[in-house]
Each structure stands twice: as structure tokens, then as C-alpha cells.
Amino acid sequence: MLKVAFIGWRGMVGSVLMGRMIEEGDFAGYEPLFFSTSNVGGKGPDVGFDIPPLQDAYDVKLLSSMDVIVSCQGGDYTKRVYPELHNMGWQGYWIDSASTLRMDPDSIIVLDPVNRHVIDAGLSSGIRTYVGGNCTVSLMLMALAGLFASGHVKWVSSMTYQAASGAGANNMKELISQMRVLGQVAADLLDDPASTAIAVDVAVTKAMRSENFPTKYFSAPLAGSLIPWIDVPMDSGQTREEWKGYVETNKILNTEKNPIPIDGICVRIGAMRCHSQAIVVRLDKDIPIDEIYDMIGNANEWVDIVPNEKESTLKHLSPAAVSGTLKVPVGRLRKMLMGPEYVSVFTVGDQLLWGAAEPVRRMLKIILAR
Ligand code: HSE
């Protein structure tokens, strides 16, 4: 029976992965072994049957006896353990949610509803490292796979509205702490029907600018505001998050030799775990909008076309509607004033599901089914 190691299963992405695996009955047919960096000997997750105590996630000898390693532990762990395992001649499959190995020529970025052919070719050619993509990239591709597959995409500009979850668990809590402070400073005014909106604004703006406002993790107010900067700067003037949009999309689509330009501004907003994107697609020809609807809507079972009208948009095309689900609604779809080759699209997706855990879960199934 194949042996599969799980590392980082207790963190945010890991626990969403565990939840999905339990939901889908994914713990059957192989021997799972759970590892920990901090609680060796402790109790693993409840997967419906007895499992051994937690093993040491730095025990490379034990890890090297595993057929598959699934890591949601983060980049530092991958940087340390992955080379050690390979130096020992380990030949197993490494499935990772961290970005460390994504652009490695010997790895494949996994998003099987979009690039199953690339994954299958990789498996056949002996590639053993499979990495989940950047959340924004994966969500954009889940939404627009049908359009990319048509071969008519000339370039894409994606302006993002990224949730706190992409920055981490502490950031999600900090966002709500910030909201709490704003609610508290405005509470009396909100209870007074005679108070003005301007008075509420003065109170919350003062709180946001106060030194006591909780900004330890975001380094800036997010609640009641936004942060148009995600990750570190690149020489191009992009942030690393913006750079990933281009390099990872082309790697996933296997278009690196003739890359599709993709660029935009990535912005953190006060959503909890759904990233949204306002996208402009430049096509290489005028394709009728009905055909575009069909291309996008028929690409996979998770895309949900939202008619370009107010009621459906408010009901279906928001983080509040999508959070915790695998749905990828695509709406605000129309031709733009710039010309018939320009299409606007708005899409929303759960950053922890399709943006992180789900491609990893599905990759494990693909390997186990071989
Ligand atoms: N880098 C992303 C973000 C999440 O900060 O929202 C990880 O893909």
C-alpha cells in the first residue's frame, strides 16, 4: 500500500485540505502518516480511523520512506527538507502548496481542470514535483480557462481585490479586530438617529489613523480602507504578486515559449477568504459575446455564469456569496468601449479552496489513481 505523508495539515490551508479530504472520503486506499514540526508524538487529525501518533517532520530518513509527501507547511519548510530528501536520492512525489518550487523547471504547477494535459505529460515524463499555483492565478484561470483554450487571448489585465486570508490566518483575525475597533468608536453615533454620516466618518478615520489601531500584521489599516501592495517589490515596478500573474499563468498553460502578457495591480481589500478580480481581456479578433459566454461557461463544472444585470450580480458575484464554496462565478461579462476585441469580466473565488487546497487535494488523487 502506498504511504502518504501529510505535513502542515493543521495550518489554514492544511486544515481546509483535511476538511475537503474527509468530505470527499479521500483517506481510503493508502496509508496516511501525519507529521508535525512542533508536536511530535501528539495526536493527528480525525480521519475516521486510528492513525499513529504524529511523526517528526524533520526526520528525512522516515520521510524518504514515503511514496508521496503532501506539504502545506510553507516555503521555509520546503526549502529545508526538499533538497535534503533529493540529496538522499528520494524518488517519491512531492505535492506542495507553497510557492518555493513553482518556477523550478522540474516542477509542474497544478490546476487540473485547466492543465490536466500538462500534468499528465509531466507524470509520463517522470516529473515528481507538483505545486499548487498562486491563488489569484488559479482563480483567474478557473474562471477564464475556456477563453484561454480558444487561443484568442492576446493579453489580460487583472485588477485584483484580494482577501485577508491570502496574507495568513493572523491577518484574517486582524481584519476583524480592525472592524471591531471601527464599530466600537462609531457605536454611539450609529445608535443616535440624529448623528450624521460625516460624524461617523470623522470618528472611524481618527481611529484608523491612531497609533493604537491594530496593524501588526498588515502594517496599515485594511478595514475601511485598502492596501494596493501585496508581497515584495520586483525590478519591473510590479509587486511579486503581480509578477506571478504573468509567469505562473504561462507556466500552467504551457505557453512559456510564446507567453501571453498578463499584468495588473494587486490590491488587498477587507474580504475574509475570497479573492475577486476585475479583468480586461484583449482578444485577437471580434468574437460574438454569446460565444464568449459559452466558451467560459462550458470550460468546467465550477464556473457559474452570472448574467450582467444587477440582481444576479448582487446575489451571486461577491465574496459573501462564494466564501466556503467551490463555485467560481463569472459575471459583468460584456464588450468594452475600447473595441469589440475588448471584454470585461469580474470573477470571485475562494482563496483557500480553488486558490490553495483543492488543486493539491486533486493532485494527490491523480497520483494515487496511477
Ligand atoms: N499571495 C496571495 C495573497 C496568497 O497574498 O493573497 C497566496 O497565493
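Scroll up a little and you will see the structure.
For clarity, every value in this text was computed on a predicted model and none was experimentally measured.

Attention now moves to the site of the ligand. Taken together, Asn134, Cys135, Gln162, Gly166, Ile230, Glu241, Arg268, His275 and Gln351 make up all the residues around the ligand. A distance of 3.3 Å separates an oxygen atom of the ligand from a polar backbone atom of Gly166. Measuring from an oxygen atom of the ligand, one finds a side-chain N or O atom of Arg268 at 2.7 Å. Split into classes, the residues belonging to the shell around the ligand amount to 2 nonpolar, 5 polar and 2 charged.

Right, let's get into the packing of helix α1 (residues 12–23) against helix α12 (residues 353–368). Taken N-terminus to C-terminus, the directions of α1 and α12 make an angle of 55 degrees; their axes are 9 Å apart at the nearest point. The angle between α1 and α12 places the two elements in the oblique class. α1 and α12 meet at a crossing whose hand is right-handed. Contact residues: Val13, Val16, Leu17, Arg20 and Met21 in α1; Leu353, Ala356, Ala357, Glu358, Val360, Arg361 and Leu364 in α12. Classifying every residue of the contact of α1 with α12 by side-chain character gives 9 nonpolar, no polar and 3 charged.

Turning to the sheet that holds strand β1 (residues 3–7), a few remarks are in order. Within the open sheet, the 7 strands sit side by side as β3-β2-β1-β4-β5-β7-β6. Their pairing is parallel. Each end of this open sheet is capped by a strand with a single partner; those strands are β3 (55–56) and β6 (107–110). Two elements, strand β4 (residues 68–71) and strand β5 (residues 93–96), share 4 bridges in a ladder whose sense is parallel. By the bridge assignment, Val68 is partnered in β5 with Tyr93. In the packing of helix α4 (residues 112–124) onto the sheet, contacts are made with β5, β6 and β7 (129–132), and the angle to β6 comes to roughly 160 degrees.

This part takes up the sheet that holds strand β9 (residues 262–263). On the basis of which strands lie adjacent, the open sheet formed by 6 strands has the order β9-β8-β10-β13-β12-β11 and mixed pairing. A single partner strand is all that each edge strand has here, and the edge strands are β9 and β11 (303–305). Pairing of strand β12 (residues 328–336) with strand β13 (residues 339–350), which is carried by 5 bridges, proceeds in the antiparallel orientation. Along β13, the bridge assignment pairs Arg334 with Ser344. Strand contacts of helix α5 (residues 135–149): β8 (153–161), β9, β10 (274–283), β11, β12 and β13, with the helix running at about 40 degrees to β10, the strand carrying the most contacts.

Reading guide: rules and limits
Residues numbered from 1 in each chain as written. Predicted model: local features only at pLDDT ≥ 70, side-chain atom pairs only at ≥ 80, totals over all residues. Heavy atoms only, no water. Near = heavy atom within 4 Å. Polar contact = N/O pair within 3.5 Å; in protein donor to acceptor, adjacent residues only side chain to side chain. Nonpolar A, V, L, I, M, F, W, Y, C, P; charged D, E, K, R; others polar. Axes fitted to C-alpha atoms, helices over the stretch in contact; angles between N-to-C directions. Helix = DSSP H or I, 4+ residues; strand = E, 2+ residues; numbered from the N terminus. Parallel < 35°, antiparallel > 145°, perpendicular 65-115°, else oblique. Left-handed = near helix turned anticlockwise from the far one by under 90°. Contact = heavy atoms within 4.5 Å. Pairing = 2+ DSSP bridges.

Shape descriptors only; they carry no functional weight alone.
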